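Structure at a glance
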Amino acid sequence: MLKLTMPNIPRSKRAFDFLVAFFALIFSSPILLIVALLVRIFHGAPLLFKQQRPGYKGTPFFIYKFRTMTNRTAPDGNLLPDAERLTPFGRFLRATSLDELPELFNILRGEMSLVGPRPLLMQYLPLYNAEQMRRHDALPGITGWAQINGRNNISWDEKFRLDVWYVEHWSFGLDLKILWQTAWKVFKREGVNMDGEVTTKFFKGNDN
């Protein structure tokens, strides 16, 4: 059953998310099929990366993305480092954000929004201070205020500050601005690291 509203989530935001995600899935279905086929060819099965993340108020949910890495293992049976498993096609998916398309289903389910703080890792929850935890007072998003203001080129403190600012200053107009700037940055490949670090550095908690 699809969730149309959540406590303290503006109805206009939820309705907009639902409609955009619904029609985006319809119009992008040929792209989804092509990407799924290429993922199967280059990365094997399964097609999707599935991981539990904290959502609204920290409630766990499973996020879905197209896989950008293979399952290559070392002689000891453990997975190789991310940098060795990320393929050129996987880099392309990340650079174009095509790997994020399956998250549209998370939006239809009411677990995510088009715009909001990015859903991070479950193990980070005990490391947040009270102010940083406020980032979970909004639905997590495919893109967000921190993503268009530095993405992985800013510190964790700055990311969390931007996330909380978004929660405090949300408006429909702000969401439209973030969506427009996200599309522009993806088109220009701004803030996309194609050659260096393939994953964000882990958050290890606050110094104080």
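Residues numbered from 1 in each chain as written. Predicted model: local features only at pLDDT ≥ 70, side-chain atom pairs only at ≥ 80, totals over all residues. Heavy atoms only, no water.

Some remarks on the pattern of salt bridges
- Applying the stated criterion across every chain, the model contains 11 salt bridges.
- Of the charged contacts, one joins Arg118 and Glu100 as a salt bridge, the two residues approaching to 3.4 Å between their closest N and O atoms. A residue pair is termed long-range when its members are at least 10 positions apart, and Arg118 in the loop between strand S3 (113-115) and helix H6 (130-133) and Glu100 in the loop between helix H4 (88-96) and helix H5 (103-108) qualify at 18 residues. Like Glu100, Arg118 is buried.
- Where Arg161 meets Glu158, a salt bridge forms, and the shortest distance between an N and an O atom there is 2.6 Å. You can see Arg161 and its partner Glu158 sitting in helix H7 (residues 156-169), 3 residues apart, about one turn around the helix.
- Owing to a relative accessible area of 27%, Glu158 belongs among the partly exposed residues under this scheme.
- Bridged by salt links that share partners, the residues Lys65, Glu100, Glu103 and Arg118 form one connected network. (Salt bridge = Lys/Arg side-chain N within 4 Å of Asp/Glu carboxyl O. Helix = DSSP H or I, 4+ residues; strand = E, 2+ residues; numbered from the N terminus. Buried < 20%, exposed > 50% of the residue type's maximum accessible area, 1.4 Å probe, protein only.)

Focus: unusual backbone geometry
- In this model, Ala45 is joined to Pro46 through a cis peptide bond whose omega is -5 degrees.
- Residue position: Pro46 is located in the loop between helix H2 (29-43) and strand S1 (48-54).
- Even without a glycine there, the phi angle at Lys57 is positive, about 60 degrees.
- As for its position among the elements, Lys57 is in the loop between S1 and strand S2 (60-66).
- A positive phi angle, close to 65 degrees, is found at Ser97, a residue other than glycine.
- Take Ser97: it is sitting in the loop between H4 and H5.

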